[in-house]
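Fold and contact review
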Amino acid sequence: MDLFDYQMDEQLISEAPLAARMRPQTLDDIAGQNHILGPGSLLRRAIQADRLFSSIILYGPPGTGKTTLARVIANTTQAHFENLSAVLAGVADLRKVIDAATERRRLYRKRTILFIDEVHRWNKAQQDALLPHVESGLFTLIGATTQNPYFDVIKALVSRSRIFELKPLREEDILILLKKALTDTVNGFGKRAIRADEEALLHLARVAGGDARNALNALELAVETTPSEDAVTHITLEVAQESIQKRAVMYDKTDDQHYDTISAFIKSVRGSDPDAALYWMTKMLQAGEDPRFVLRRLIILASEDIGMADPNAILVVNAAAQNFEYIGMPEGWYPIAQAVIYLATAPKSNSVGAFWAVQEEIAQNGARAVPIHLMDDNRDAKGFGHGEGYLYPHSFDGHWVGQQYLPDGLVGKQFYHPSHEGFEAQVAERLKAWRDKQSKALSKASAESGTGKE
């Protein structure tokens, strides 16, 4: 490195964003993540003893400390530390690291730790290129990803690594970082006269959404754009609100946030909690989720989880879907919200899922023949007797008559089991009476015919 390179590096460090300057250098500096870095934890012991021999994957949302933890390991270990970004680097860059690691091991018996940020961005072939060298122990891999590694990292690599999930930081953890940034005289604002109201810092911590980088960026914006009075920069609640006006909604239609949020939404509607259902609906729609996706899930739920307990549920949500197509957003929130509230407060029944039992029966025993009296009599009544013996229900009192409808061998089998919720309670009562009379009628017909057919 020549003088010009050194001066440029010094300038980049001094001009780096506050979040970068305040990045922790030791394990004790890291706020939060006690579930994996608390006293006595496996990962903490391995880092402190410089015994990180097995590869690890750090998984969590942005701003939770994945890169920070990798840098702390770099500061702690005696092994050589290499850093690659999957966004910028490719297999050619990996080959250079492999060659250097091989030479380092051969000449100096020195281990290499390779950190790959955003490892999920490498395709399967690129990730496959890591495998032989992870297996041989040429280097210890530290992968960082915001995506679920069980879906976005190849299985072979996951099976050779330990997964550590980093959680969004708590408000109290972010508050510690903000106060430290205000008092740090080397990397923070400790040399400047700044008075930050507690309610202002609490607001930044609360609205940051568990993202330390988001909170520190907002603090930096507040400090750098607020005029000083009597040489003191005063950060009020109003200043904090202007600096971080809207909580970042952590939601990506291709990652876990999508699946976890829609899961919470469906379970809240199914669990008859309209408040929670509206909350998750709003999170999705505010984050840019397609309203039609939400409506499609509601249409499914109207049959799957409400069904015959309130047959109007499917009509309500279908009407909401049609209304949305007429009016669009933002007014389209109203019919969607109405459908959500209706379904969440409706009586629940999953009895419509009876068709799963029918599918299992056919899969195990095959599709049985249609009884002759149920066959079409328009074509083969004379030649084959199709339809002979069929009793027309509307010719009997109550528009009902007891006769066999299931195939031979399944007579008396019940697939549909109505609940006693809402409208379906009436269905259950009516159906029980029909089934009882049908059973008696079929038993009598069997006895009279002497066939004993069931």
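First, a word on scope: everything that follows refers to the structure included in this document. Counting of residues starts from 1 at the beginning of each chain's written sequence and follows it residue by residue. Predicted model: local features are reported for residues with pLDDT of at least 70 only, side-chain atom pairs are reported and counted for 80 or more only, and whole-chain, interface and lining totals are derived from all residues. Values shown for side chains rest on all heavy atoms present in the structure; no hydrogens or waters enter the calculation.

1. Describing helix 18 (residues 312-327)
Helix length check: helix 18 (16 residues) gives 22 Å between terminal C-alpha atoms against 22 Å at 1.5 Å per residue, within 8%. Listed as buried for helix 18 are Ala313, Val317, Ala320, Ala321 and Phe324. Seen along its axis, helix 18 keeps its buried residues to an arc of 95°; they face one direction. More than 90 degrees from the buried face of helix 18, the exposed residues found are Leu315 and Tyr326. Note on contacts: a residue pair is in contact if any heavy atoms of the two residues lie within 4.5 Å. Secondary structure counts use DSSP, requiring at least four H or I residues in a row for a helix and at least two E residues in a row for a strand, with both numbered from the N terminus. Where helix 18 is buried, its residues touch helix 17 (291-306) and helix 19 (333-345). Following helix 18 by one or two positions, Gly328 adopts a phi angle in the positive range, close to 70°. In this analysis, the expected span of each helix is defined as 1.5 Å times one less than the number of residues it contains. For the exposure calls, accessible area comes from a 1.4 Å probe over protein chains only, and a residue counts as buried if that area is under 20% of its type's maximum, exposed if over 50%, partly exposed in between. Relevant arc is that of directions from the helix axis to the C-beta atoms, nothing else.

2. Structural notes on the pattern of salt bridges
Any carboxyl oxygen of Asp or Glu that lies within 4 Å of a side-chain nitrogen of Lys or Arg is treated as forming a salt bridge with it. Following the criterion strictly, the structure yields 20 salt bridges and no others. Taking the shortest distance from any N to any O, the salt bridge between Asp28 and Arg44 comes out at 2.6 Å. Residue Asp28 is found in the loop between helix 2 (18-21) and helix 3 (34-37), and its partner Arg44 is found in helix 4 (residues 42-48); the two are separated by 16 residues along the sequence. When its relative accessible area of 66% is taken as the criterion, Asp28 is described as exposed. Three or more residues joined by partner-sharing salt bridges are found here, namely Arg170, Glu172 and Asp173.

3. Points about unusual backbone geometry
A cis amide bond, omega 10°, links Met329 with the succeeding residue Pro330. Considering the arrangement of structural elements, one finds Pro330 in the loop between helix 18 and helix 19. The backbone of Gln33 sits at a positive phi, close to 60°, despite the residue not being glycine. Among the structural elements, Gln33 can be located in the loop between helix 2 and helix 3. Its relative accessible area of 6% is what places Gln33 among the buried residues.

4. Some remarks on the sheet that holds strand 4 (residues 140-145)
One key point about sheets: their strands pair by backbone hydrogen bonds, in either a parallel or an antiparallel sense. The sheet built from five strands is open, its strands ordered 2-3-4-1-5 with parallel pairing. Each having just a single partner strand, strand 2 (80-85) and strand 5 (161-165) make up the two edges of the open sheet. The sheet shows a mean angle of 15° between the axes of neighbouring strands, direction not considered. Pairing between two strands is assigned when DSSP locates at least 2 bridges connecting them. Here strand 1 (residues 55-59) runs beside strand 5; their pairing, made up of five bridges, is parallel. Residue pairing across strands places Ile57 opposite Ile163, the latter belonging to strand 5. Lines fitted to the C-alpha atoms define the axes, with helices restricted to the stretch that makes contact. Angles between their N-to-C directions range from 0 to 180 degrees. Sitting on the sheet, helix 6 (residues 91-108) touches strand 2 and strand 3 (112-117), and the angle it makes with strand 2 is about 175°.

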